[in-house]
Amino acid sequence: MGNYLTAEKLARHLGSRYDALTGNDDALIAEILARAAAIIEGFASVRYEVPLTPTPLLEEWALALAEHSLYKRLPGSQIPEKIREAYTRTIGQLSDLASNKMGTGGLLTFRQKPAVMSPFSVQNNRIDRMTDGE
């Protein structure tokens, strides 16, 4: 899974809120970062090969997703409006990425679709296998 955000950059972004939101729990931080990357790659993998080439935009998306996840964990889930808006904007942009309306600022490789076999080729394949003694 791609890593678009480091724990250090998350800590720098959160500043004094870092301890309260993460409890300095390394396992939790790793889980939050992995979840953010999984969401990004879930949207991207509809159209592109993952992991994606890291870019500042991917880092911004990962920050918005991670910060929202951390606030969601708090008792009462009082998510500040600016965090909720950043999350909503990020999900919208990820939807645009998946529908090829937006890029990441980096190299994107289109996903190779599996070859589709026509009914005729499937039928011929069966015939070939039957004549080969299978």
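All residue numbers here refer to positions counted from 1 along the written sequence of the relevant chain. Local features are withheld for residues below a pLDDT of 70 in this predicted model, meaning they are given only at 70 or higher, and side-chain atom pairs are given and counted only at 80 or more; totals for whole chains, interfaces and linings count all residues. Excluding hydrogens and water, the side-chain values take into account all heavy atoms of the structure.

**Things to note about the overall build of the chain**
Per the secondary structure count, the chain includes six helices and zero strands. The secondary structure elements of the chain, listed N-terminal to C-terminal, are α-α-α-α-α-α. Exposure categories follow from relative accessible area, calculated using a 1.4 Å probe and restricted to protein chains: below 20% of the type maximum is buried, above 50% is exposed, and the middle band is partly exposed. Counting every position in the chain, which comprises 134 residues, the buried fraction comes to 31%. Residues are treated as being in contact if the distance between any of their heavy atoms lies within 4.5 Å. Of the contacts formed within the chain by residues at least 6 apart in sequence, a portion of 71% connects residues at least 24 apart. A run of H or I in DSSP becomes a helix once it reaches four residues, and a run of E becomes a strand once it reaches two; helices and strands are each numbered from the N terminus.

**Some points on unusual backbone geometry**
Put simply, V50 and P51 share a cis peptide bond, and its omega is 5°. In the Ramachandran plot, N24 falls in the positive-phi region, its phi being about 55° despite a non-glycine side chain. Inspection of the secondary structure assignment puts N24 in the loop between α2 (18-22) and α3 (26-44). With a phi angle near 65°, N100 is a residue other than glycine that sits in the positive phi range. Residue N100 is classed as partly exposed on the basis of its relative accessible area, which comes to 40%.

**Structural notes on the nonpolar core**
Among soluble globular proteins, nonpolar side chains are generally buried collectively. In this text, buried Ala, Val, Leu, Ile, Met, Phe, Trp, Tyr and Cys residues form a nonpolar core when linked through side-chain atoms within 4.5 Å. Judged by nonpolar contacts, the single largest core of 29 residues is most densely connected at Y4, L5, L10, I40, L52, W61 and L70. Of all the elements in the fold, those that place two or more residues in this core are α1 (7-14), α2, α3, α4 (56-72) and α5 (81-98). When residues of this core are assigned to their parent elements, the largest contribution, nine residues, is made by α4. Dropping the residues within four chain positions of it, L70 is found in contact with L10, L14, L21, T22, L28 and I32.

**Here's the deal with the side chain of Q93**
Relative to the elements of secondary structure, Q93 occurs in helix α5. The class of Q93 is buried, set by a relative accessible area of 19%. N or O atoms closer than or at 3.5 Å make up a polar contact, with two conditions inside protein: a donor-capable atom paired with an acceptor-capable one, and, for residues adjacent in sequence, both atoms drawn from side chains. In this structure the side chain of Q93 is engaged in a polar contact, spanning 2.6 Å, whose partner is the side chain of W61. Not counting chain neighbours up to four residues away, the residues in contact with Q93 comprise L57, W61 and M102.

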